[in-house]
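In case you want the letters, here they are:
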Amino acid sequence: MKSLPFAAALALAFVFASGCATLPSGIKGEATPHQHGADAEAGHDEAALHGGMAGDAPHEQLGMQRPRFPPASGSVPSAEDAQSLEEVPRLAILNDTKFNPANGVRSGSGTLDDPYVISGYYVTGDLYLGDTDACVVIAENYVDGQLTLNWNNQCVHVHHNFIRDLRVNENIARTGMPTGGLIELNEIVVVGQIRHYDGEFRNNVVGPFVPNDLADEVLHEHPLPFLQVNDPVVLNIDGWNQALFHHNTITGSVDLDLHGHHHGTGFLAPHSHNHGDDQARTTHTEDHTNRWSAVSVTDNKIVDLAGYGLRYDDQAHAGDDRTAASETVEALENDHQHHVKVEILRNELTGAGIWIDVFGADDERHKVPNPGLVTVADNTIKLQKRDDGMFGLSTFGTGFQSNTGIWVMAVKEVEFRIERNTISWSDATQASPVKPISDLLPGLFAQEAEPMAIYLDRADLARITVADNTASGVAYGVRASQFGEDALWAVYGNDFQAQHPIYWDDSVTVEPQEEPFAEPAEPESSEASEHHGK
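In short, a report on the structure. Everything quoted here is computed from the prediction, not taken from an experiment.

Side note on the overall build of the protein
The helix and strand inventory of the protein stands at eight helices and 33 strands. The burial tally for the protein puts 58% of its 534 residues in the buried class. Sequence separation of at least 24 residues holds for 72% of the intrachain contacts in the protein that already meet a minimum separation of 6. A total accessible area of about 20600 Å² is found for the protein, and carbon and sulfur atoms account for 50% of it.

Structure follows, in C-alpha cells:
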C-alpha cells in the first residue's frame, strides 16, 4: 500500500490536537454562565486552548462559553394572533443604554437571572438589536420584517417568535462581540444571513421559501432570469465557530459557508477572536495566524424538491478570509493556517442531498497545510429523479448534481469520513424548475440521469473513508474522478445495490483499499510541507 506523508501528518494533527472526537452537541445550550473578566478573555492561555486540550484551569477545556438559559415556554403567534398583540412599526436598540420601555423592553435588568424581555409585539417592520452585551430574551413576537441581531454577544435567547427574515452579525462596523446564545422554537420564513455565529440554533421551523416574498427581493434576484429561477436557499449560514445547528425542520436549501476570518484559538476555546473595534481588542491577546473553526449540523429534517439540499461551501475563500467592515484587524491579511472541523450527522434529507463544494481552498496566504476533518455520517437521504438543467447540472446561481446523494467536490488537506449513511433514489420524476426552457431546447438541457449515491469529484492531499453506507436505486454506489496521486481512499463494508458499486476512471491512479486506514507513524515534517501547494 502506498505511503502518504501528508495524510499521515493530517491524521496526527487531529489525534494529538483535537482534544475530543465531536463537538459537544448533546449539551443543548447548557454551558458556563455569562461572565466577563480575565478568565473570560480569549487566548489568555494559548497552550491550553489549542485543540481544546485541558489546561491549568478546569474551564479551559469546556469549549465556547454559553449561558445556561431556563427552558423556553410559550407559543409562536399566528398571523391572526398578531392582530391582538401590541402593534409597533419598528423597534431598535443600538447599545445597552437603550434597553428601556420606550424601545420595547417589558421587564428585566439585563442579567442572566433577570434578562431584559422584549415580548408580545406585532412588529410590522423590523426589530433591530445592535452592539449590546446585556442579557436579553426576545419571545412570542410576530416580526413581519427583519429581526436583526447584530453583535450582541452570547447572552441572547430568541424563542417562540414568527420571523419573516432573520439576520445575525451583518458585515458592518461594530463594537460588540458575535451574537451567539440560543435561537430555538421559532417559525422563520427565511434566514437571510446568520453570520459568524457561535451559538445554538435548534428546534426551529425554517421555510418554505415563497417566491416574491420580502426576503426574495433582497436575496434571490438573478441577472439572467430566463436561465435561472428563484434561489431556494432558506437557511444561509455565513461563518461559524463551535456553532450547533440541530433538530430543525427546514423546507428549502441550506448553505453552510466557511468564513476563515471568524475563528478561535482552539476547537474548544471559550471565545472567538475579537476583530471589532480597537478599544474592545485591548483586552484580548490573540494569534490570528492560527485559525480554528468548527461547526456541527445534526438531526435536522430538510425537504428540498428544487434546490441542492445541504451545501458546505468555501468557493469564495479569500473574500471571507481577510479584513472586512466587521473584521478590521490588519493581521487578518497575513499568512495563516486554518484548522477546520465539520460534522454533518443524523440528518434526514428528502428531495436533495449533501454537497461539499470545495474544502481546503487554495490561497496565496496559505504557506503550510491546513488540516481539516469532515465527518458525514448516519444521514438518511431520499432522492427522486430530477431533470437536470444545462449540461446535466441544475442551476440556482451555481450548477449542482441533483441526482447525487453525497457529492464531495474539490477537497484537499482533509481527513474525510463518509460512514453509515442511507441513500435511496427513485425513478418518479419531480417537476423540474427548468422544464419550460428544456422543452424549448431539449438538446441542450435534456440529460439522462445517472444517479450516484456518493460522488468523489476531485481530491488531493487527503484520506477519504467510505464505509458501512447503504444505497438503493442508484447507478453508482461510489464514483471517483480526478484524484491527485496524494489522495488515498478506503471503501469497505458498504451495501450498494448499484450497477457499479465502486467505480473510478483513468484520472484516479490510486485504487481504493478495502480496509480501514492504519494509524500512521509520525511523519517527517519536511516531507509534509513539500506536499502542500496551490
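Now that the structure is up, let's keep going.
Remarks on unusual backbone geometry
Residues G207 and P208 are joined by a peptide bond in cis, for which omega reads 0°. Mapped onto the fold, P208 is located in the loop between β13 (205-206) and α4 (214-219). In the Ramachandran plot, E140 falls in the positive-phi region, its phi being about 55° despite a non-glycine side chain. Topologically, E140 is positioned in the loop between β6 (136-139) and β7 (142-150). For E413, which is not a glycine, the phi torsion comes out positive at approximately 55°.

Thoughts on the packing of aromatic side chains
Aromatic rings considered in pairs are described by the distance between their centres and by the relative angle of their planes. Summed over all chains, the structure comprises 13 aromatic pairs. Considering the side-chain rings of Y142 and F162, the 4.3 Å spacing of their centres and the 15° angle between planes classify their relative orientation as stacked. Remark: F162 occurs in strand β9 (residues 162-168) and Y142 occurs in strand β7; sequence separation between them is 20 residues. One exposure class covers both Y142 and F162, and it is buried. Between W489 and W504, the aromatic rings sit 5.6 Å apart at their centres with planes inclined by 90°, giving edge-to-face as the arrangement. You can see W489 sitting in strand β32 (residues 487-492) and its partner W504 sitting in strand β33 (residues 495-504), a full 15 residues away along the chain. Taken together through their ring pairs, the aromatic side chains of Y122, Y142 and F162 make up a single cluster. If you follow R174 out to its NZ or CZ, it ends over the ring of W151, 4.0 Å from the centre. The ring of Y476 carries the charged tip of R479 above its face, separated from the ring centre by 4.7 Å.

Some points on the pairing of strand β28 (residues 404-419)
Along β28, 14 of the 16 residues are buried, which leaves the element largely enclosed by surrounding structure. When strand β23 (residues 354-359) meets β28, the two strands line up parallel, connected through five bridges. Directly across from F359, in β28, lies its bridge partner V411. The pairing of strand β24 (residues 372-377) with β28 spans six bridges and is parallel. Bridging across to β28, T375 finds its partner in R417.

A few points about the pairing of β9
Most of β9 is tucked away, with seven of its seven residues classed as buried. By the bridge criterion, six bridges tie β9 to strand β11 (residues 187-197) in an arrangement that is parallel. By the bridge assignment, L166 is partnered in β11 with V191.

Digging into the side chain of R167
Mapped onto the fold, R167 is located in strand β9. A polar side-chain atom of R167 sits 2.8 Å from a polar atom in the side chain of D165.

Section: the pattern of salt bridges
Under the counting rule described, the total for this entry stands at 22 salt bridges. A salt bridge links R420 to D378; its shortest N-O distance comes to 2.9 Å. Here R420 is found in the loop between β28 and β29 (422-430), whereas its partner D378 is found in the loop between β24 and β25 (380-386), with 42 residues between them in sequence. For R420, a relative accessible area of 40% gives the class partly exposed. On the accessibility criterion, D378 (30% relative accessible area) is partly exposed. Among the charged side chains, a salt-bridge network with shared partners connects R291, D321, R322, E333 and D363.

Cut-offs used in this document
- Residues numbered from 1 in each chain as written.
- Predicted model: local features only at pLDDT ≥ 70, side-chain atom pairs only at ≥ 80, totals over all residues.
- Heavy atoms only, no water.
- Helix = DSSP H or I, 4+ residues; strand = E, 2+ residues; numbered from the N terminus.
- Buried < 20%, exposed > 50% of the residue type's maximum accessible area, 1.4 Å probe, protein only.
- Contact = heavy atoms within 4.5 Å.
- Areas by Shrake-Rupley, 256 points an atom, 1.4 Å probe, with all protein chains shown as cover.
- Phe/Tyr/Trp six-rings, centres within 6.5 Å; stacked < 30°, edge-to-face > 60°.
- Lys NZ or Arg CZ within 6 Å of the ring centre and 35° of its normal.
- Pairing = 2+ DSSP bridges.
- Polar contact = N/O pair within 3.5 Å; in protein donor to acceptor, adjacent residues only side chain to side chain.
- Salt bridge = Lys/Arg side-chain N within 4 Å of Asp/Glu carboxyl O.

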